[in-house]
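If you want the building blocks of each chain, they are given just below.
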Amino acid sequence: MASGFPKKTPTPRLLRRERLQPNTLPPSKFQQEKFLSMKKEASTGGRILPRIGPWIDLGKTGPKLPSAPPKQNLVQISPPEVIFQNFNTHDVSEMTVSLMNVDKFPHVVKVSMERSPYFQVMGSNDAYRLLVPAVSVPVRIRFSPGENKDYSHKLLCVTERERIVVPIRAIAARAVLDFPDQLDFSTCPVKCSTQKTLLLRNTGNLEACFQLSTQRQSLFGQSQRELQQEKLMEEKETGKEKGSCEDRAASLRASGEMAKVHQDPMFSDDVSVIEPMEGEIEPDGLAKIKMTFKPLEAVEYQSVAYCSISGRESRLPLQLRGEGQGPLVELSCDTLELGDIFVNTPHVCEVKLINQGALDAPFRYIPAATKVGLGFKLAPQEGIIAAGGSQTLQISFSATVLGRFEEEFRFSVAGSPTPAILTIRGSVTGPSLHFDLPELDFGDISFGFPYTQRCRLTNSSPVPVTFQLRMSFDGTQPAVDSVDQIRCHSDPAWRKGVHLYVEPREFTITPSQGTILPQGHQDIQVTLCSNSVMEFYRKMLVDLEGFGKGVASLLITARCLVPKLQVSPHVLQYDECLLKVPYEKKFLIRNPSHLPGCYGLIEQS
């Protein structure tokens, strides 16, 4: 902060260190006790004794006063620990620590703090302070945070008998999550999924990273494999057959007696077909059951089918597992390095999508949402690649944002779980203009006299640029030229001086606008006719059409003076003169300076 005075910031609180409860507490209990402990400690002030070090003799360094009896605290410090909270980055906060002499004799205390860019003692550091009995002496501590993080420091108070360390801490923002303690699904139908939506809210003032986990076996009575199968069933697309279709046979054997078997009527699977669903098996016989697998996506499928047998309490499980093989599409190049690209300049590149699988691959481009991505155009954006074929993609790019960029282009392929990703990197650069001089110095100039200097503006960019030149802090009213003033003897400025109601336009730039070809240049002529006795520090700014204002500048300096003209003689003595007889005498006007001067003779009124 330039002024050095603190802003009005939220009042910091004096707290003790937070005592967090074990992570087995429910979320509401954890949050309640966390805030309750903070409020309670802030209101009660917390009793934490400062660290008292070994006895130190200040007789050699500080003033000598009557010594107190041993084994007695000389100084009481309040608060014993300083904690800053609710602070903002680059804002200044202050807190006060009070030192009180609890002895009946006066004592000298040396208050000091190690040098820190964030904490400082207001007033003199390493200063000795005289504490009168029963009188409190304040010590102000200033805190200037540079980042939103935790800080720690200490304040050292040394008497002739004890060394007291006062901890100083700054607690940054914290994240506090509000989450329900219990989730009750009440009564749910068996073998059907039930969903509930929870609200997780961050009531703190810092971004929170969280991770949720459940004990699936004990909570739901359902294996992780069954949950994964349900997820796959919900995400698949119906009505399209992709991949391969495979038949498998399973055998059931009956021993000793006739057995009636039938498939679980709750079994339903779009990718697996069981035939027949029920039947009878003779004693010591076999029954063949055909399993047909029709994958819809290129993912792994898992499910369980159960076979119920008459007269048997438990069912026979049959694990079904299969993996769908979809289109295999790859890019001819995963990464394109474009290098340096000039802003607003079109660029074109090509890349191929190659289908190395045995199925036709419908693809579609997923547009990017970034500012740089909006400058890309791709054709075609969708299509179908035959098995073993390829598709050439043409990418055109015209960036409007300067700086380094890295953009990802995603192509979703029907039947493939992962998209094909193309990464394009590059750097967008703007126009490069420079003057041939670091500074345009007019030196000493005379009031009302025009002076001209020249410079050259060069365009080192690969494209032409249209420029416009202007002066910073220049006026609008035309400046008064001394030559024009000499020609006008009746100008009131000869008697009353030059008075301008609007700031004068003292600079003239020729040409003030134009177009510079690539690797070309433009000679610029700058004329200064000063109507202000002052030192000039102005900038000639370059505005580029389509790129921005003030992309380049040139410093212009000058010092305007008014030369002092000398008249000799100061008095013309005519002695005695006759009426109606003309007399002539001459006088000289001399300019001893190195600058031209303008003068005019004013007739007597």
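If you're wondering where the values come from, they're calculated on a predicted model, not measured in any experiment.

Caption draft 1: Looking closely at the overall build of the protein. Of the regular secondary structure elements, the protein holds five helices and 41 strands. A total of 605 residues make up the protein; the buried ones form 33% of that total. Nonlocal contacts in the protein, meaning residues at least 24 apart in sequence, comprise 70% of its contacts between residues at least 6 apart. For the protein, the accessible surface area stands at approximately 38700 Å², while carbon and sulfur atoms represent 52% of it.

Caption draft 2: Inspection of a nonpolar patch on the surface at higher detail. Residues Leu565, Val567, Phe587, Ile589, Tyr599 and Leu601 make up a contiguous nonpolar surface patch of about 520 Å² in total accessible area. Along the chain, Tyr599 falls in the segment after β41 (588–590). Under the relative-accessibility criterion, Tyr599 is labelled partly exposed at 46%.

Caption draft 3: Broad picture of the pattern of salt bridges. One pass over the full model with this rule turns up twelve salt bridges. Here Glu406 ties to Arg425 by a salt bridge, and the two come within 3.3 Å at their closest N and O atoms. In this pair, Glu406 is assigned in strand β27 (residues 403–413) and Arg425 in strand β28 (residues 420–429), connecting sequence segments 19 residues apart. The partly exposed category is assigned to Arg425, whose relative accessible area is 25%. One network of salt bridges, in which partners are shared, links Glu337, Arg404, Glu406 and Arg425.

Caption draft 4: Geometry of the pairing of β28. Burial of β28 is extensive: seven of the ten residues sit out of reach of the surface. Relative to β28, strand β21 (residues 335–342) runs parallel, the two being bridged by six bridges. Residue pairing in the sheet places Ile341 in a bridge with Val428 of β28. Two successive antiparallel strands, β27 and β28, enclose a turn made up of six residues, where Gly415 displays a positive phi of approximately 90°.

Caption draft 5: Main features of the sheet that holds strand β30 (residues 439–446). Strand order in the open sheet made by the five strands is β30-β39-β38-β32-β36, with mixed pairing throughout. A strand with exactly one partner marks an edge of an open sheet, and here the two such strands are β30 and β36 (513–516). Along the sheet, successive strands turn relative to each other by an average axial angle of 25°, direction set aside.

Caption draft 6: Looking closely at the confidence of the model for the protein. With 76% of its residues at a pLDDT of 70 or more, the protein shows a mean pLDDT of 76. Every residue in residues 1–23 scores below 50 in pLDDT, and together they form 55 contacts with partners more than four places removed in sequence or on other chains. The low-confidence segment residues 217–246, where pLDDT is below 50, has 58 contacts with residues more than four positions distant or belonging to other chains.

Caption draft 7: Broad picture of the nonpolar core. Membership of the largest hydrophobic core comes to 28 residues, with the highest contact counts inside it found for Leu353, Ile395, Phe411, Leu422 and Ile424. When contributions to this core are tallied by element, the ones reaching two or more residues are β20 (329–331), β21, β22 (347–355), β23 (361–366), β24 (376–379), β26 (390–397), β27 and β28. The residues touching Leu422, leaving out its near neighbours within four places in the chain, are Leu331, Cys333, Asp334, Thr335, Leu336, Val351, Ile395, Glu407, Glu408, Phe409 and Phe411. Core analysis: the next-biggest nonpolar cluster, separate from the first, contains 27 residues, Ile141, Phe143, Ile164 and Ala170 among them.

Caption draft 8: Highlighting the packing of aromatic side chains. Tallying each qualifying case throughout the model produces 15 aromatic pairs. Measuring from centroid to centroid gives 5.0 Å for Phe84 and Phe143, while their planes differ by 40°, and the two rings are tilted. Residue Phe84 is located in strand β3 (residues 82–84), and its partner Phe143 is located in strand β8 (residues 136–143); the two are separated by 59 residues in the primary sequence. Here Phe84 matches Phe143 in class, with each residue buried. The interplanar angle of 55° and the centroid separation of 4.7 Å between the aromatic rings of Tyr118 and Tyr151 together place this pair among those described as tilted. One end of the pair, Tyr118, is in the loop between β5 (107–112) and β6 (119–121); the other, Tyr151, is in strand β9 (residues 151–158), and 33 residues separate them in sequence. Residue classification places Tyr118 among the partly exposed positions, given a relative accessible area of 27%.

Cut-off values and rules
- Note that residues are indexed from 1 along each chain, following the sequence as it is written.
- It should be noted that, the model being predicted, local features are given only for residues of pLDDT at least 70 and side-chain atom pairs only at 80 or more, the latter also being counted only at that level, while totals for whole chains, interfaces and linings use all residues.
- Heavy atoms from the whole structure form the basis of all side-chain values; hydrogens and water molecules are not counted.
- Strands here mean DSSP runs of E at least two residues long; helices mean DSSP runs of H or I at least four residues long; both are numbered from the N terminus.
- Burial here depends on accessible area, computed with a 1.4 Å probe over protein chains only, as a share of the maximum for the residue type. Under 20% is buried, over 50% is exposed, and the range in between is partly exposed.
- Any two residues whose heavy atoms approach within 4.5 Å at even a single point are treated as in contact.
- Note that accessible areas follow from Shrake-Rupley with a 1.4 Å probe, and for residues the cover is restricted to the protein chains shown.
- Residues qualify for a patch when their relative accessible area is over 30% and they have no salt bridge, like charges being joined within 9 Å and the nonpolar side chains of Val, Leu, Ile, Met, Phe, Trp and Tyr within 5 Å.
- When a carboxyl oxygen of Asp or Glu lies within 4 Å of a side-chain nitrogen of Lys or Arg, that pair is called a salt bridge.
- A pair of strands is treated as paired once DSSP finds two or more bridges between them.
- Note on definitions: angles span 0 to 180 degrees between N-to-C directions of axes, and those axes are lines fitted to C-alpha atoms, for helices only across the stretch in contact.
- Each residue carries a pLDDT score, the predictor's own confidence in it, on a scale running from 0 to 100.
- For the purposes of this section, nonpolar cores are sets of buried Ala, Val, Leu, Ile, Met, Phe, Trp, Tyr and Cys residues that join through side-chain atoms within 4.5 Å.
- Side-chain rings of Phe, Tyr and Trp (the six-membered ring for Trp) are treated as a pair once their centres are within 6.5 Å; stacked means planes under 30 degrees apart, edge-to-face means over 60, and tilted covers the remaining angles.

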